[in-house]
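# Close look at the chain arrangement
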Amino acid sequence: MMEQNRPNGTLRHLLTLEGMPKTQIEALLTRARKFVRPIGEAPVHTHSLAGITVANLFTEPSTRTRVSFELAAKRLGADVVNLEVQLSSRVKGESMLDTIYTLEACHVDVFVIRDAETGVHELVASHVKPHASVLSAGEAHVAHPTQGLLDALTILQAKDRFDGLKVAIVGDVRHSRVARSAWHALTTLGVAEIRIVAPRALMPPAGEFAGCERFNSLDTGITGVDVIMMLRIQKERMETAAIPDADRYFQKFGLSAERLAKAKPDAIVMHPQPMNRGIEIASDVADGPQSVIKDQVRNGVAVRMAVLEAVIEGRGP
Ligand code: NCD
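Procedures and definitions
- Residues numbered from 1 in each chain as written.
- Predicted model: local features only at pLDDT ≥ 70, side-chain atom pairs only at ≥ 80, totals over all residues.
- Heavy atoms only, no water.
- Domains from an automatic or database assignment.
- Contact = heavy atoms within 4.5 Å.
- Buried area = accessible area lost by both parts, 1.4 Å probe.
- Helix = DSSP H or I, 4+ residues; strand = E, 2+ residues; numbered from the N terminus.
- Buried < 20%, exposed > 50% of the residue type's maximum accessible area, 1.4 Å probe, protein only.
- Lys, Arg positive; Asp, Glu negative; His and termini not counted.
- Salt bridge = Lys/Arg side-chain N within 4 Å of Asp/Glu carboxyl O.
- Near = heavy atom within 4 Å.
- Polar contact = N/O pair within 3.5 Å; in protein donor to acceptor, adjacent residues only side chain to side chain.
- Nonpolar A, V, L, I, M, F, W, Y, C, P; charged D, E, K, R; others polar.
- Pairing = 2+ DSSP bridges.
- Axes fitted to C-alpha atoms, helices over the stretch in contact; angles between N-to-C directions.
- Right-handed = clockwise from strand over helix to strand, strands pointing away.

### Description of the domain arrangement of the chain
According to the domain assignment, the chain consists of domain 1 (22-143 + 297-313) and domain 2 (145-292). For domain 1 versus domain 2, the separation of C-alpha centres amounts to 26 Å. Listed by partner, the interface residues are 27 residues for domain 1 and 24 residues for domain 2. Roughly 2,100 Å² of surface becomes buried between domain 1 and domain 2 when both sides are summed, with 61% attributable to carbon and sulfur atoms.

### Some words on unusual backbone geometry
Looking along the chain, the bond that leaves Q273 and enters P274 is cis, with omega of 0°. Look at Q273: it is not a glycine, yet its phi comes out positive at around 65°. In this structure, Q273 sits in the loop between strand 9 (268-270) and helix 10 (283-286).

### Focus on the side chain of R114
Structurally, the position occupied by R114 is in strand 3 (residues 110-115). For the buried R114, no salt bridge exists, and the shortest N-O distance to an oppositely charged side chain is 4.6 Å, to E60. Here R114 is in contact with L57, F58, T59, E60, P61, S62, T65, H121, A137, G138, H144 and R177, once residues within four sequence places are set aside.

### Focus on the site of the ligand
In the vicinity of the ligand, the residues found are T65, R114, H144, Q147, R177, V178, R232, Q234, P272, Q273 and P274. The side chain of T65 places a nitrogen or oxygen atom 2.8 Å from an oxygen atom of the ligand. Partitioning the shell around the ligand into residue classes produces three nonpolar, five polar and three charged.

### Details of the sheet that holds strand 8 (residues 227-230)
Here we have five strands laid out as an open sheet, ordered 7-6-5-8-9, and parallel in their pairing. Edge strands, defined here as strands with exactly one partner in the open sheet, are strand 7 (213-215) and strand 9. On average, each strand axis in the sheet is tilted by 20° relative to the strand beside it, whichever way the strands run. Pairing of strand 5 (residues 166-170) with strand 6 (residues 193-197), which is carried by five bridges, proceeds in the parallel orientation. Paired with I169 across the two strands is I196, which belongs to strand 6. Running over the sheet, helix 6 (residues 177-189) touches strand 5, strand 6 and strand 8 and is turned about 165° from strand 6.

### A look at the sheet that holds strand 4 (residues 133-139)
Spatially, four strands are ordered 2-1-3-4 in an open sheet, and the strand pairing comes out parallel. On the outer flanks of this sheet lie strand 2 (79-84) and strand 4, each paired with one strand and no other. With direction set aside, neighbouring strand axes in the sheet form an average angle of 15°. Of the pairings in the sheet, the one linking strand 3 to strand 4 comprises five bridges and is parallel in character. Residue pairing in the sheet places V110 in a bridge with S133 of strand 4.

### Some thoughts on the pairing of strand 6
Most of strand 6 is tucked away: four of the five residues are buried. For the crossover from strand 5 across helix 6 to strand 6, the handedness is right-handed. Of the strand pairs in this sheet, strand 6 and strand 7 are connected by three bridges, and their pairing is parallel. For I196, the partnering residue across the bridge sits in strand 7 and is R214.

This is how it looks when you write it as structure tokens:
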């Protein structure tokens, strides 16, 4: 794995939460908390990224993550450009690195990248100029570090602690970068019990998610938990034949109000979105009093502001 920190110990790239020290994760969460405002209040605006240019390069569809990175950069005073790479240069055969060099010539400082393949982020990070940073906005099924941070922040706000919590990660864990980044963050932050709850076909390979107990039944898996983290079925990462039937899936693995009652009475329900309502989660649960799904979205902007500010501040004067 590539070194994400500068020799002076500050964060330069954010590609994964795997191996990130607890103190560094905690510092990012603390920084993010300064940027959180209740929904309905005016958002924070600063000039800490004035003169900095951020490029969002997304080769996979995204609404929330892209908008959230864009708002985060703008609210810190940066210039932002958005490129949908598959629509422009990639189809013309221009390589990702050529696109990066073009953008570097336009004084881009931070590259925010989402890609369906593994390794692209690291390749770019190892080729950019020393002052530039690469932030992952999603890498295949492997990593989605800002999502892991925003999920941790959402849990901390709701529960005020990590130790002693029981967290169930439910659904298509096999194909989920959200699950992997959450697992890295929560394990490091001291969550005592993380359960993987999935049908056999969507279980991650043996050897991954070490230390997590695995459940093939949703009812058993969520009994007594504090946090239920639902995942989207990643159809785009499955062969057509493997895509589960929607009605059957909901019957066995959909989170309904009746099922939610098996968790602790004050359990929170999370989902990274986009949601398949009626397939992995019932609408009344997604919109219900235990849902923190909107908090996750709000925290997403705050976390991305924190990460952007940290990587730029760490460059020094
Ligand atoms: C997630 C993603 O793209 O990994 N969405 C997001 O970033 N909010 C989850 C998903 O697509 O299921």
